[in-house]
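# Notes for the structure review
Spelled out from the first residue to the last, the chains are:
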Amino acid sequence: MSMESLAQGAGWMETMGRHVRAHRIAAVGLGLSLAAVIALLLGSLVELAVGGASDGLKLGFVGGLAGFAATGLGALPALAMRTMPQKLSDVLLGGAAGMMLAASAFSLILPGLAAGEQLAGSRPLAALIVVAGMGLGVLLMLGLDEFTPHEHETIGVQGPGSERVGRIWLFVFAIALHNLPEGMAIGVGFSHADMTVGLPLTTAIALQDMPEGLAVALALRGGGYSAPYAVAMAVATGLMEPLGAVLGVGLSGGLAIAYPIGLGLAAGAMLFVVSHEVIPETHRNGHQTPATIGLMAGFAVMMVLDTTLG
């Protein structure tokens, strides 16, 4: 290893150390949530090693691939178009937020409460189990948001060492943070091979991935990148969906209590993304009312999907 590489590594460690000291609560929360995630995942991997690839793992991976494909499909129109009316973009993203909110409620929290009650024999205990999972999801996303170099449209660059990362990668990391909890949700939904949970959830996430993929590609085109490159980068952000799905299956496919906790974790992570990222993005251009109408429409569509497919 060259001296230059060693110096760069030392610089990153120093930067990260300063960031940890400046954000101790977020660092502790991220550490706790990662420890819980690793513990649940190890338990599931042990069972997987003993029993082989489960139906849940296969279905979860296919569901993650569906989200990835939907992201790519949504990005394709950017090959022919350079911009989209901002109001329409905000409405579409509002619809995506509504779908994520409804998916969190109907396809994650409610099944989590049912699984928790079956396990604990008590509704209050079931609620506490799911809430604990939601807390882990929020801590995980809060820590990742704080310690992953990325860029927001409204508040600029975030995370340690952002100045050392190219702007294109900051943007890609931000979108990847959105896609990770969506993939985890798909994996958790299919972890018990339950189509009534996984199918409507995957359908909703895939539908909302399409306008998100288009928004990413058009933003990159607006930044001066070529159409093929913008579409390719937008498609690449969707890779977090199948990866997150495998992680979600691993989180929830082992110990019995891991299933309701995993459902709560995915719900908490998605709610964090909607509140922290998507809704502020749709409201920053003065289109709050159309974006809110889009959110309500997306919520209604997901509710119908859950009733029809669940």
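Just above, that's the structure.
Now for a look at the structure at hand. (Residues numbered from 1 in each chain as written. Predicted model: local features only at pLDDT ≥ 70, side-chain atom pairs only at ≥ 80, totals over all residues. Heavy atoms only, no water.)

### Brief notes about the overall build of the protein
Operational definition: To qualify as a helix, a DSSP run of H or I must reach at least 4 residues; to qualify as a strand, a run of E must reach at least 2; elements of each kind are numbered from the N terminus. Between buried and exposed lies partly exposed: a residue is buried under 20% and exposed over 50% of the maximum accessible area for its type, with that area taken using a 1.4 Å probe on protein chains only. Residues are treated as being in contact if the distance between any of their heavy atoms lies within 4.5 Å.
If you tally the helices and strands in the protein, you get eleven helices and two strands. Taken from N to C terminus, the helices and strands of the protein fall in the order α-α-α-α-α-β-β-α-α-α-α-α-α. Put simply, the protein has 310 residues, and 49% of those count as buried. Sequence-distant contacts in the protein: of pairs separated by 6 or more residues, those separated by 24 or more amount to 82%.

### Points about the side chain of Glu 182
Test applied: For this count, His and the chain ends are skipped, Lys and Arg are scored as positive, and Asp and Glu as negative. Any Lys or Arg side-chain nitrogen located within 4 Å of an Asp or Glu carboxyl oxygen qualifies as a salt bridge.
Examined against the element boundaries, Glu 182 turns out to sit in helix α6 (residues 167–190). Buried Glu 182, no salt bridge; nearest opposite-charge side chain is Arg 284, N-O distance 17 Å.

### Side note on a nonpolar patch on the surface
Cut-off, in case you're wondering: The residues that make up patches have over 30% relative accessible area and no salt bridge, and they are joined within 9 Å when like-charged or within 5 Å when they are Val, Leu, Ile, Met, Phe, Trp or Tyr. Calculation of accessible area relied on Shrake-Rupley with a 1.4 Å probe; when residues are assessed, cover is drawn exclusively from the protein chains displayed.
Together, Phe 61, Leu 65 and Val 246 make up an exposed nonpolar region whose accessible area comes to about 230 Å². Looking at the element boundaries, Leu 65 is found in helix α3 (residues 55–75). The class of Leu 65 is partly exposed, set by a relative accessible area of 36%.

### Considering the packing of α3 against helix α7 (residues 195–222)
As a reminder, the rule being used: Axes here refer to lines fitted to C-alpha atoms; in helices the fit is confined to the stretch in contact. Angles between the N-to-C directions go from 0 to 180 degrees. Under this scheme an angle from 65 to 115 degrees is roughly perpendicular, one under 35 degrees roughly parallel, and one over 145 degrees roughly antiparallel; angles in between are oblique. Each crossing gets its hand from how the near helix is turned against the far one by less than a right angle, where anticlockwise is left-handed and clockwise is right-handed. Gly counts as polar in this scheme, as do all residues outside two lists: the nonpolar Ala, Val, Leu, Ile, Met, Phe, Trp, Tyr, Cys and Pro, and the charged Asp, Glu, Lys and Arg.
Remark: α3 packs on α7, axes separated minimally by 6 Å, with the N-to-C direction vectors making an angle of 25°. Comparing the axis directions of α3 and α7 gives the class roughly parallel. Crossing hand, α3 versus α7: right-handed. Contact residues: Leu 59, Gly 63, Ala 66, Gly 67, Ala 70, Thr 71, Leu 73, Gly 74 and Ala 75 in α3; Met 195, Thr 202, Ala 206, Asp 209, Met 210, Gly 213, Leu 214 and Ala 217 in α7. Within the contact of α3 with α7, the residues separate by chemical class into ten nonpolar, six polar and one charged.

### Looking at helix α8 (residues 227–237)
For the record, the criterion: Each direction from the helix axis to a C-beta atom contributes to the arc, which is the arc of those directions.
Turning to α8, its buried residues are Ala 227, Ala 230, Val 231, Met 233, Ala 234 and Thr 237. Down the axis of α8, the buried set is contained in an arc of 165°. They therefore lie on one face.

### Concerning the packing of helix α4 (residues 86–120) against α7
The N-to-C vectors of α4 and α7 enclose an angle of 165°; their axes lie 9 Å apart at closest approach. By the angle class used here, α4 and α7 are roughly antiparallel. In the packing of α4 onto α7, the handedness of the crossing is left-handed. For the pair formed by α4 and α7, the contact residues are Leu 92, Leu 93, Ala 96, Met 99, Met 100, Ala 103, Ser 107, Leu 108 and Pro 111 on the first element and Val 197, Pro 200, Leu 201, Ala 204, Leu 207, Gln 208, Pro 211 and Glu 212 on the second.

### Re the nonpolar core
Convention followed: For the purposes of this section, nonpolar cores are sets of buried Ala, Val, Leu, Ile, Met, Phe, Trp, Tyr and Cys residues that join through side-chain atoms within 4.5 Å.
Counting residues in hydrophobic clusters, the biggest one holds 42 residues, and the most contacted among them are Leu 108, Leu 144, Ala 185 and Met 270. Elements that contribute at least two residues to this core include exactly α4, α5 (123–147), α6, α7, α9 (240–252), α10 (258–283) and α11 (288–309). Sequence-distant contacts of Met 270, that is, excluding residues within four places in its chain, are made with Met 100, Ala 103, Ser 104, Leu 108, Pro 181, Ala 185 and Ile 205. Formed by twelve residues, the second largest nonpolar core is a distinct cluster that contains Ala 78, Leu 218, Met 233 and Ala 234.

### Points about the environment of His 283
In this fold, His 283 is placed in helix α10. Exposure remark for His 283: the relative accessible area of 29% places this residue in the partly exposed category. Separated by 193 residues in the primary sequence, His 283 and Asp 90 place their C-alpha atoms 7.6 Å from one another. When near neighbours in sequence (up to four residues on either side) are disregarded, His 283 contacts Gln 288, Ala 291 and Thr 292.

### Let's talk about the environment of Pro 124
Within the secondary structure layout, Pro 124 lies in helix α5. Separated by eleven residues in the primary sequence, Pro 124 and Leu 113 place their C-alpha atoms 9.3 Å from one another.

### Points about unusual backbone geometry
With a phi close to 55°, Ala 193 is a non-glycine residue in the positive phi region. Inspection of the secondary structure assignment puts Ala 193 in the loop between α6 and α7.

### Let's talk about the side chain of Glu 212
On the secondary structure map, Glu 212 appears in helix α7. The buried charged residue Glu 212 lacks any salt bridge partner; its closest oppositely charged side chain belongs to Arg 284, at an N-O distance of 13 Å. Sequence-distant contacts of Glu 212, that is, excluding residues within four places in its chain, are made with Leu 93, His 178, Asn 179 and Glu 182.

### Some remarks on the pattern of salt bridges
Opposite charge on two side chains permits them to pair, given that their charged atoms come into close proximity. Evaluated as defined, the whole model comprises two salt bridges. In this structure, the salt-bridge partner of Glu 117 is Arg 123, at a minimum N-O distance of 3.5 Å. In this structure Arg 123 comes out as exposed when scored by relative accessible area, which is 63%. Residue Glu 281 is joined to Arg 284 by a salt bridge in which the shortest nitrogen-to-oxygen separation is 3.0 Å. Relative accessible area serves as the criterion here: at 36%, Arg 284 is assigned to the partly exposed category.

### Here's the deal with the environment of Arg 82
Examined against the element boundaries, Arg 82 turns out to sit in the loop between α3 and α4. With a relative accessible area of 47%, Arg 82 lands in the partly exposed category. Note: C-alpha distance between Arg 82 and Gly 224 (142 residues apart in sequence) is 10.0 Å.

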